Amino acid sequence: MTVTISCAGDADLATKLHNHLLSTLSFVNPEAISLKDDEIYVDLPNLDSKDTVLKRISEFIGSDPSSHYQMNELDGIIAIGTPASHKEMMESILTCDMCNYMTAYEEQLRLHRMTHGMMG
Ligand SMILES: [Zn+2]
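Position labels on residues start from 1 in each chain and follow its written sequence. Only residues with pLDDT of at least 70 are given local features in this predicted model, and only at 80 or more are side-chain atom pairs given and counted; all residues enter the totals for whole chains, interfaces and linings.

Caption draft 1: Quick look at the overall build of the chain. Counting secondary structure elements, the chain contains four helices and seven strands. We compute the radius of gyration from the C-alpha atoms alone; for a globule the expected value is 2.2 Å times N to the 0.38, where N is the number of residues. In terms of C-alpha radius of gyration, the chain reaches 20 Å, well past the compact-globule figure of 14 Å for 120 residues. Considered along the principal axes of its C-alpha atoms, the chain spans approximately 65 × 25 × 20 Å. With C-beta atoms placed from the backbone, a residue is buried if 20 or more other C-beta atoms are within 10 Å of its own, exposed if 12 or fewer are, and partly exposed between those counts. Within the chain, buried positions represent 12% of all 120 residues. In this description, any two residues whose backbone-derived C-beta atoms lie within 7 Å of each other are considered to be in contact. Counting contacts in the chain only where the partners sit at least 6 residues apart, residues at least 24 apart contribute 43% of the total. A run of DSSP states H or I qualifies as a helix once it reaches four residues; a run of E qualifies as a strand once it reaches two. Both are numbered from the N-terminal end.

This is the structure we're talking about:
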């Protein structure tokens, strides 16, 4: 069986994950793991090995906590992407009205605004 891993349009993420799977899935041939744009296809030797693939993906996501990626499985396709809650956080980002400096933290914006005061 073939497992499809979709990175939701993120080709950079797909490339990194492809490399990770190549180096960690020792039980499959390198040819069995293929990359096409934002999707990775893994030809599994048996059903049990799917759990190992899922485990390796979890490790990959967990290795970079700042990435905010999440894994969801739907209709046999493993989808990896940024959850909606993180997108909402990005939308509530604060901007400096003097220079469009952006930050998610109020304290950081306050400190940033002080630099304008120092220069003026
Ligand atoms: Zn500013």
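Caption draft 2: Highlighting the packing of helix α1 (residues 11-24) against helix α2 (residues 49-62). Geometry is summarised by axes, namely lines fitted to C-alpha atoms with helices restricted to the contacting stretch, and by angles between N-to-C directions that run from 0 to 180 degrees. Where α1 contacts α2, the axes come no closer than 10 Å and their chain directions differ by 125°. Regarding the angle of α1 to α2, the classification is oblique. Crossing geometry of α1 relative to α2 is assigned as right-handed. Between α1 and α2, the contacting residues are L17, H20, L21 and T24 on the first element and R56, I57 and F60 on the second. Three residue categories are used. Nonpolar comprises Ala, Val, Leu, Ile, Met, Phe, Trp, Tyr, Cys and Pro, charged comprises Asp, Glu, Lys and Arg, and polar comprises the others, including Gly. Classifying every residue of the contact of α1 with α2 gives four nonpolar, two polar and one charged. These descriptions rest on fixed angle ranges, namely under 35 degrees for roughly parallel, over 145 for roughly antiparallel, 65 to 115 for roughly perpendicular, and the rest for oblique. Each crossing gets its handedness from the near helix: less than a right angle anticlockwise from the far helix is left-handed, clockwise is right-handed.

Caption draft 3: Expanded view of the pairing of strand β4 (residues 70-74). Strands are treated as partners if at least two bridges between them are detected by DSSP. Bridging between β4 and strand β5 (residues 77-81) involves five bridges; their strand directions are antiparallel. When the bridges of β5 are listed, N72 appears paired with A79. Connecting β4 to the antiparallel partner β5 that follows it, the hairpin turn spans two residues, and D75 within it adopts a positive phi of roughly 50°.

Caption draft 4: Structural context of the pairing of strand β1 (residues 2-6). Note that β1 and strand β3 (residues 39-43) share five bridges and pair antiparallel. Bridge pairing links I5 to I40 in β3.

Caption draft 5: Region of the structure containing the nonpolar core. Counting residues in each nonpolar core, the largest one holds 13 residues, and the members touching the most others are L17, I40, I57 and I80. With four residues, the top contributor of residues to this core is α1. Sequence-distant contacts of L17, that is, excluding residues within four places in its chain, are made with I5, C7, I40, I57 and F60. What we call a nonpolar core is a set of buried Ala, Val, Leu, Ile, Met, Phe, Trp, Tyr and Cys residues whose membership is set by joining through C-beta atoms within 7 Å.

Caption draft 6: Structural view of the environment of D43. Structurally, D43 can be placed in strand β3. Spatially, the C-alpha atoms of D43 and Y101 are 47 Å apart, while their sequence positions differ by 58 residues. Sequence-distant contacts of D43, that is, excluding residues within four places in its chain, are made with T2, V28 and A32.

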